[in-house]
Amino acid sequence: MEKQLMRIGISLPGELLDNFDKIIMDRGYSSRSEGIRDAIRTYNQHYEWMKEIQGKRAATISIVYDCSKKGVSNSLAKIQHGYTDLINSTVRFHIDANSCFEVIIMEGEGEKIVELTENILSLKGVKYSKLTTVPEAGK
């Protein structure tokens, strides 16, 4: 059975696309399309992994965000205030004049950890994020 290919159009900042093109060339992809397909597959796998996070967990969310962008810091604080039952500690420092690195340390139900993470991921101005979880000790 032949797979139907769909054509899409996307808009990206030039710097992001230039970096992506360099990576796909370095990794030996035959085309930009193949690199994008691989990136989408990886994104889909990550989403499926996040759906499996259940039960009591310890976790960290590491994020880099544009602290010069109006409202980002306040939005992050507001989101975090909605999850004070999960969050044990946060550490934040400035990487440069426009970028902050923040690590949020949590413990609680996996479903709520994922919910918090998705709220942060969807925030405009977040440049990078990484969720790490471990099951409750002894499990």
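Structure: see above.
The rules behind these values
- Residues numbered from 1 in each chain as written.
- Predicted model: local features only at pLDDT ≥ 70, side-chain atom pairs only at ≥ 80, totals over all residues.
- Heavy atoms only, no water.
- Axes fitted to C-alpha atoms, helices over the stretch in contact; angles between N-to-C directions.
- Helix = DSSP H or I, 4+ residues; strand = E, 2+ residues; numbered from the N terminus.
- Parallel < 35°, antiparallel > 145°, perpendicular 65-115°, else oblique.
- Contact = heavy atoms within 4.5 Å.
- Nonpolar A, V, L, I, M, F, W, Y, C, P; charged D, E, K, R; others polar.
- Buried < 20%, exposed > 50% of the residue type's maximum accessible area, 1.4 Å probe, protein only.
- Lys, Arg positive; Asp, Glu negative; His and termini not counted.
- Salt bridge = Lys/Arg side-chain N within 4 Å of Asp/Glu carboxyl O.
- Polar contact = N/O pair within 3.5 Å; in protein donor to acceptor, adjacent residues only side chain to side chain.
- Phe/Tyr/Trp six-rings, centres within 6.5 Å; stacked < 30°, edge-to-face > 60°.
- Core = buried A, V, L, I, M, F, W, Y, C linked by side-chain atoms within 4.5 Å.

Trainee: How would you sum up the packing of helix α1 (residues 14–27) against helix α2 (residues 32–51)? Please name residues and give values.
Mentor: Any two packed helices are characterised by how steeply their axes cross, that is the angle between the axes, and by the distance between the axes. Across the interface, α1 lies against α2 with an axial gap of 10 Å and an inter-helix angle of 95 degrees. Overall, the two elements α1 and α2 adopt an arrangement that is roughly perpendicular. Where α1 abuts α2, its residues L17, F20, D21, I24 and R27 lie against R32, G35, I36, D38 and A39. Its residues assigned to classes, the contact of α1 with α2 comprises 5 nonpolar, 1 polar and 4 charged.

Trainee: I'd love a proper account of the side chain of D66, names of residues and values included.
Mentor: With respect to the helices and strands, D66 occurs in strand β1 (residues 56–66). Buried D66, no salt bridge; nearest opposite-charge side chain is K127, N-O distance 4.9 Å. Side chain to side chain, D66 and S68 meet in a polar contact 2.5 Å long. When neighbours within four sequence positions are excluded, D66 is seen to be in contact with V72, N98, G125 and K127.

Trainee: I'd like a description of the environment of E102, backed by residues and values.
Mentor: Mapped onto the elements of the fold, E102 is located in strand β3 (residues 99–109). Given a relative accessible area of 6%, E102 falls into the buried group. A sequence separation of 27 residues divides E102 from S129, and the C-alpha atoms of the two residues are 9.5 Å apart. Look past the residues within four positions of E102 in its chain and what remains in contact with it is I61, S62, I63, Y65, L76, Q80, T90, V91 and R92. At a separation of 3.3 Å, a polar atom in the side chain of E102 contacts the side chain of Y65.

Trainee: Give me the lowdown on the packing of aromatic side chains, citing residues and values where you can.
Mentor: Throughout the structure, instances matching the rule amount to 1 aromatic pair. For the pair F93 and F101, a centre-to-centre distance of 5.5 Å together with 55 degrees between the ring planes defines the contact as tilted. A relative accessible area of 45% places F93 in the partly exposed class. Judged by relative accessible area, which is 24%, F101 ranks as partly exposed.

Trainee: Account for the nonpolar core, naming residues and giving values.
Mentor: With 23 residues, the main nonpolar core has I61, Y65, L76, M106, L116, I120 and L131 as its most contacted residues. Among the elements of the structure, β1, α3 (72–81), β3, α4 (110–121) and β4 (126–135) are those that each provide at least two residues to this core. Leave out the neighbours within four places in its chain, and L131 touches W49, M50, I53, A59, T60, I61, I113 and T117.

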